[in-house]
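Observations on the model geometry
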Amino acid sequence: MLEARHRMDAPPNRSARPGTGPIPAGGGGVTEPSPDAVLIRRTLAEIAPVADKVTSYFYALVFTGHPELRSLFPAAMDAQRDRLLKALLTAAEHIDNPDVLVPYLRRLGAGHRKYGTMPGHYPAVGEALISALARYAQGTWGPEAQAAWVRAYTAISQIMIDAAAEDEVKAPAWWHAEVVSHDLRTPDIAVLTVRPDQPYAFLAGQYTSLETPWWPRVWRHYSFASAPRTDGLLSFHVKAVPAGWISNALVRHARPGDVLRLGPPAGSMVVDHTTDNGMLCLGGGTGIAPIKALIEDVAEHGERRPVEVFFAARSDGDLYDKDTLLGLQRSHPWLSVRPVVGDWLTGQLPQAVGEHGPWSTYDAFISGPPAMIRSGVDELKRIGIPGDRIRHDAVEELAGVAG
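Each value, and the rule that gives it
- Residues numbered from 1 in each chain as written.
- Predicted model: local features only at pLDDT ≥ 70, side-chain atom pairs only at ≥ 80, totals over all residues.
- Heavy atoms only, no water.
- Pairing = 2+ DSSP bridges.
- Helix = DSSP H or I, 4+ residues; strand = E, 2+ residues; numbered from the N terminus.
- Axes fitted to C-alpha atoms, helices over the stretch in contact; angles between N-to-C directions.
- Contact = heavy atoms within 4.5 Å.
- Buried < 20%, exposed > 50% of the residue type's maximum accessible area, 1.4 Å probe, protein only.
- Salt bridge = Lys/Arg side-chain N within 4 Å of Asp/Glu carboxyl O.
- Core = buried A, V, L, I, M, F, W, Y, C linked by side-chain atoms within 4.5 Å.

A word on the sheet that holds strand β1 (residues 175–186). A sheet is described by the order of its strands in space; here 6 strands give the open sequence β4-β3-β6-β1-β2-β5, paired in antiparallel fashion. What marks the edges here is a single partner per strand, and that holds for β4 (219–223) and β5 (234–239). When strand polarity is set aside, the average angle formed by the axes of neighbouring strands in this sheet is 40°. Here strand β3 (residues 207–211) pairs with strand β6 (residues 259–262) via 2 bridges, running antiparallel. Looking at β6, one finds that L210 is bridged to L262. Set on the sheet, helix α8 (residues 245–252) makes contact with β1, β2 (189–196), β3, β4, β5 and β6; between it and β5 the angle comes to about 115°.

Notably, R217 is not glycine yet its phi reads approximately 65°, a positive angle. Here A243, not a glycine, exhibits a phi torsion of approximately 65°, which is positive. Of note, A243 is situated in the loop between β5 and α8. Residue class for A243 comes out exposed when judged on its relative accessible area of 73%.

Moving on to the pattern of salt bridges. Inspection of the entire model under this criterion finds 14 salt bridges. Close ionic contact of D36 with R151 constitutes a salt bridge, the shortest N to O distance being 2.9 Å. Of this pair, D36 sits in helix α2 (residues 35–47) while R151 sits in helix α7 (residues 143–170); the two residues are 115 residues apart in sequence, bridging distant segments of the chain. Between D231 and R229 there is a salt bridge, with the nearest N and O atoms lying 2.8 Å from each other. Residues joined by salt bridges that share partners form a network here, namely D183, R185 and D321.

Time to look at the nonpolar core. Ranked by size, the top nonpolar core spans 46 residues in total, and within it I40, F58, L89, L105, L129 and W149 carry the most contacts. At the level of elements, α2, α3 (51–65), α4 (83–93), α5 (98–111), α6 (122–136) and α7 are the ones that each hand at least two residues to this core. Counting residues per element, this core draws most heavily on α7, at 10 residues. With residues near it in sequence (within four places) discarded, L129 still touches F58, L85, L88, L89, W149 and Y153. Within the second largest apolar cluster, 23 residues are counted, among which are W175, V179, Y222 and A254.

Below, the discussion takes up the sheet that holds strand β7 (residues 279–284). Read from one edge to the other, the open sheet built from 5 strands follows the order β9-β8-β7-β10-β11, with strand pairing classed as parallel. If you trace the sheet from one side to the other, it starts and ends with β9 (335–341) and β11 (390–391), each paired once. Pairing analysis gives 7 bridges linking strand β8 (residues 307–313) to β9, with the strands arranged parallel. When the sheet's bridge partners are listed, V307 is paired in β9 with L335. Relative to the sheet, helix α10 (residues 322–331) contacts β8 and β9, its axis offset from that of β9 by approximately 155°.

What follows is the structure, given as structure tokens:
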């Protein structure tokens, strides 16, 4: 631990830039993994079967060695669970791919401002990471592996610290937002409209993170349900799910006058207005929210590209926003909306999409539960849409594991 402690005693030098250290500066990553990447992936493979033990030991080290950091986390740690550690391990796994890693870490660093993370916190986390790995990866651990992880963590934390510093100049760490309306569409689905206390710039199709007064320091991602509005109001569609702390609080307890906190906007599922490609949009459940925002965005830009929307739900009652979407269809001749009822995993949605088309010249957008996104992406590729024209934000994966 001597080398690790020496390297992590202070925040990394702000003069270092992304692309230095073990992260290659060139685009597109490298064909052969670097020696550090090989060592890091061996460690990851060894700890995978005991991930829960690694997580528990990691947090125990952080909180016993630095009890002042406990206040940055939720009171009930099962809400946080392995998110921080998972983010660090995910970043290390992609250490050879700067095109993926650097944007991810920059989002992570800026997003961590809302937790109160400061540059001085990174050394404590780094020491706990190295110690946890050393304990549970004994088969692959040694001086070379430790040095590789120290170099990786030093580079990772540097990029995050730089991104946070740059973001601090242009945006607050969070926004307060007052609930101005709470529309219960079904017993489990509510449409919330909030008013931020400061200007909030975002793009249609993006998402943000929300914190409620009922569960401090617990944040969850929700997509914006409309394009940016002139009155500055923001809307979200929320479905209460079993054991969902934030979703149940927002659906069952939030009322006008309550104040939430918003993190910064994120996500790349946005319209490319430099093309006139048709748009094929698949929304499942409350995943229709960002699709609705994309429709409004196209309309506001005065475009006439064809937009084909498939709105899927398990029952007709869950098509809670069908009337709004059909109203948009009546107003815009370039828009077609097709509600689909059934279990998308057993084929109803892919079958409905396949009956129309062809779609090979379209850009595809897909939003909904993770299982629907996975099956939907496979089906879209099968019917001829190139993978680089399929856009989605799976916030449980690389784009948002810290949220």
